[in-house]
Amino acid sequence: DDSSENRLLLNLFLKKTGASLTFAEDGWEGVKKFMKHNFDMVLMDIQMPRLNGYQAMKLLRKIEKKENRDRVHVFALTGATMKNEVDQCFESGADGYIPKPIIKDKLFEVLEA
């Protein structure tokens, strides 16, 4: 997420779960980190500089196929909730989406599904 406030909020919500968090400030940085590490899950902001979330998710899925990796659960973080925008998240490789502003209960509802 390119928003430091959202990164702080996600860290606050998820730190008690024991999760180890890695953050990226734009889509390209996220893709580079994905290439170097094996993550259990990715939360991908849709509106980011350099490479938006749609583009980044498509690249993650290509990397998985090319490197014969297991499919990682990817959840789009988006303030856009219109059907066509949500559909675009799924078409880009998302397994689900988390609406913004991020609400703790909704975050855990999506992540636990």
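Look up a bit, the structure's there.
Given the structure is predicted, the values throughout are model-derived calculations rather than measurements.

Draft legend 1. The arrangement of helix α2 (residues 27–36) in detail. The complete set of buried residues in α2 reads Gly27, Gly30, Val31 and Phe34. Relative to the axis of α2, the buried residues are bounded by an arc of 100° and lie together on one face. Of the surrounding secondary structure, the elements contacted by the buried residues of α2 are β1 (41–45) and α3 (53–66). By the N-cap criterion, in which a side-chain oxygen at the helix start approaches the backbone nitrogen of a residue two or three places on, α2 is capped by Asp26, the distance to Trp28 being 3.0 Å.

Draft legend 2. Broad picture of the side chain of Ser92. The topology assignment puts Ser92 in the loop between α4 (83–91) and β3 (96–99). Not counting the four nearest positions on each side in its chain, Ser92 is found in contact with Tyr54, Met57, Lys58 and Arg61.

Draft legend 3. Quick look at the packing of helix α1 (residues 4–14) against helix α5 (residues 104–112). For the pair α1 and α5, the least separation of the axes is 11 Å and the interaxial angle reads 70°. When the axes of α1 and α5 are compared, the pair comes out roughly perpendicular. Once α1 is placed against α5, the crossing between them reads as right-handed. Of α5, the residues touching α1 (which contributes Leu10, Phe13 and Leu14) are Lys104, Leu107, Phe108 and Leu111.

Draft legend 4. Highlighting the side chain of Asn6. Among the structural elements, Asn6 can be located in helix α1. Assessed through its relative accessible area of 16%, Asn6 is described here as buried. At 3.3 Å, the side chain of Asn6 and the side chain of Asp1 are in polar contact. Residue contacts for Asn6: discarding those within four places in its chain leaves Asp1, Lys100 and Ile102.

Thresholds applied
Residues numbered from 1 in each chain as written. Predicted model: local features only at pLDDT ≥ 70, side-chain atom pairs only at ≥ 80, totals over all residues. Heavy atoms only, no water. Buried < 20%, exposed > 50% of the residue type's maximum accessible area, 1.4 Å probe, protein only. Helix = DSSP H or I, 4+ residues; strand = E, 2+ residues; numbered from the N terminus. Arc of directions from axis to C-beta. Contact = heavy atoms within 4.5 Å. Polar contact = N/O pair within 3.5 Å; in protein donor to acceptor, adjacent residues only side chain to side chain. Axes fitted to C-alpha atoms, helices over the stretch in contact; angles between N-to-C directions. Parallel < 35°, antiparallel > 145°, perpendicular 65-115°, else oblique. Left-handed = near helix turned anticlockwise from the far one by under 90°.

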